[in-house]
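Topology and contacts: notes
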Amino acid sequence: MEHRTIWKLAQMRFLSIKITDCFLRHRWIDLDDVEVCCYAVYRRLSRLLVGALLVLLGSIEAGVLPGICFTVTFLFMREVTGGYHATNEMQCVILSCIVEFVLLSLVDPLLDLPPCQWLIMAGGCICIILIAPVNDENIHLTNTEMRINAQRSWLRLAIIVGTVVIFNYFGAAHTVTAIQLSVFGVAASMLVATLKNMTT
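Throughout what follows, the structure given in this document is the object of discussion. (Residues numbered from 1 in each chain as written. Predicted model: local features only at pLDDT ≥ 70, side-chain atom pairs only at ≥ 80, totals over all residues. Heavy atoms only, no water.)

Across its full length, the protein chain holds eight helices and zero strands. If you list the helices and strands of the protein chain from N to C, you get α-α-α-α-α-α-α-α. Partitioning the contacts of the protein chain with sequence separation of at least 6, the portion at a separation of at least 24 is 77%. Accessible area for the protein chain stands at about 11900 Å²; split by element, carbon and sulfur atoms hold 68% of it. (Helix = DSSP H or I, 4+ residues; strand = E, 2+ residues; numbered from the N terminus. Contact = heavy atoms within 4.5 Å. Areas by Shrake-Rupley, 256 points an atom, 1.4 Å probe, with all protein chains shown as cover.)

The structure is reproduced here in structure tokens:
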């Protein structure tokens with residue numbers, strides 16, 4: 001899987017260059033914007049690839065809807081909360097897959113312990129409210145970006161909590177637990193980054 005993922009990421013770089021070249025030929029961007037545009041396109045394509053990979057893995061482990069909801073929740077929150085960031089893309093993909101596989105493997109056991117998943121989510125929510133966003137040495141945020149992301153993280157967390165309430169109302173227990181574990185995963189990533197920052 002590692003070689004296949006590396007090959008796909010290389011394809012993303014090639015495709016981003018082609019897309020940027022198309023934009024330039026149609027005069028949708030200026031020559032000075034080529035490098036920034038190419039990077040932006042590559043980032044979006046690579047996120048799409050990694051997201052699709054995580055959805056596939058999550059669907060195999062816990063089912064299609066829980067897999068999708070776990071991945072969307074994790075990426076949706078991580079974008080504004082920050083947390084631990086790997087030193088390169090390959091490590092990021094591997095760590096993301098491991099985290100998702102481990103957490104989703106807990107869905108069925110937690111369904112037999114009804115209060116536990118709610119306590120796990122409550123702990124994750126408290127952690128996000130108190131310390132989000134978290135900076136990381138591999139991604140440096142300015143003070144302004146930190147303030148903006150703090151407000152966004154609270155708003156997005158409220159959206160996630162509302163989503164959990166709706167799914168719980170309709171009895172989608174596996175999906176609810178998957179989202180709750182995703183929130184916990186985001187909080188855990190933030191705590192790892194915080195401890196890392198304290199020791200460096």
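Alright, that's what it looks like, and here's the rest.
Okay, the nonpolar core next. Membership of the largest hydrophobic core comes to 19 residues, with the highest contact counts inside it found for Met 77, Ile 128, Leu 157, Val 183, Val 186 and Met 190. Among the secondary structure elements, those contributing two or more residues to this core are helix H3 (64-81), helix H6 (114-131), helix H7 (143-169) and helix H8 (173-199). Ranked by residue count, the leading element in this core is H8, at seven residues. Leave out the neighbours within four places in its chain, and Ile 128 touches Met 77, Thr 81, Trp 154, Leu 157, Val 183, Val 186, Ala 187 and Met 190. (Core = buried A, V, L, I, M, F, W, Y, C linked by side-chain atoms within 4.5 Å. Buried < 20%, exposed > 50% of the residue type's maximum accessible area, 1.4 Å probe, protein only.)

Looking now at the environment of Met 146. Along the polypeptide, Met 146 turns up in helix H7. Residue class for Met 146 comes out partly exposed when judged on its relative accessible area of 22%. As a C-alpha pair, Met 146 and Val 80 span 66 residues in sequence and 8.8 Å in three-dimensional space. Beyond its immediate chain neighbours, meaning those up to four positions away, Met 146 contacts Pro 133, Asn 135 and Leu 141.

Another aspect to go through is empty space enclosed by the protein. A full pass over the atoms with the stated rule returns one cavity of 30 Å³ or more. Computed from the structure, the largest cavity encloses a volume of approximately 60 Å³. Mapped onto the lining of the largest cavity, the elements with two or more residues apiece are H3 and helix H4 (89-104). Here the residues of the lining of the largest cavity sort into four nonpolar, two polar and one charged. (1 Å grid on protein atoms, 1.4 Å probe; cavity = no way out; pocket = protein on both sides within 12 Å on 5 of 7 lines; lining within 4 Å. Points joined across faces, edges and corners; volume = space filled by probe spheres on them. Nonpolar A, V, L, I, M, F, W, Y, C, P; charged D, E, K, R; others polar.)

Moving on: helix H2 (residues 34-62). Its 29 residues place the ends of H2 41 Å apart at the C-alpha level, agreeing with the 42 Å of an ideal helix rising 1.5 Å per residue. Listed as buried for H2 are Cys 37, Val 41, Tyr 42, Leu 45, Ser 46, Leu 49, Val 50, Gly 51, Leu 54, Gly 58, Ser 59 and Ala 62. After H2 finishes, the residue Gly 63 shows a positive phi value of roughly 110 degrees. (Expected span 1.5 Å × (residues − 1).)

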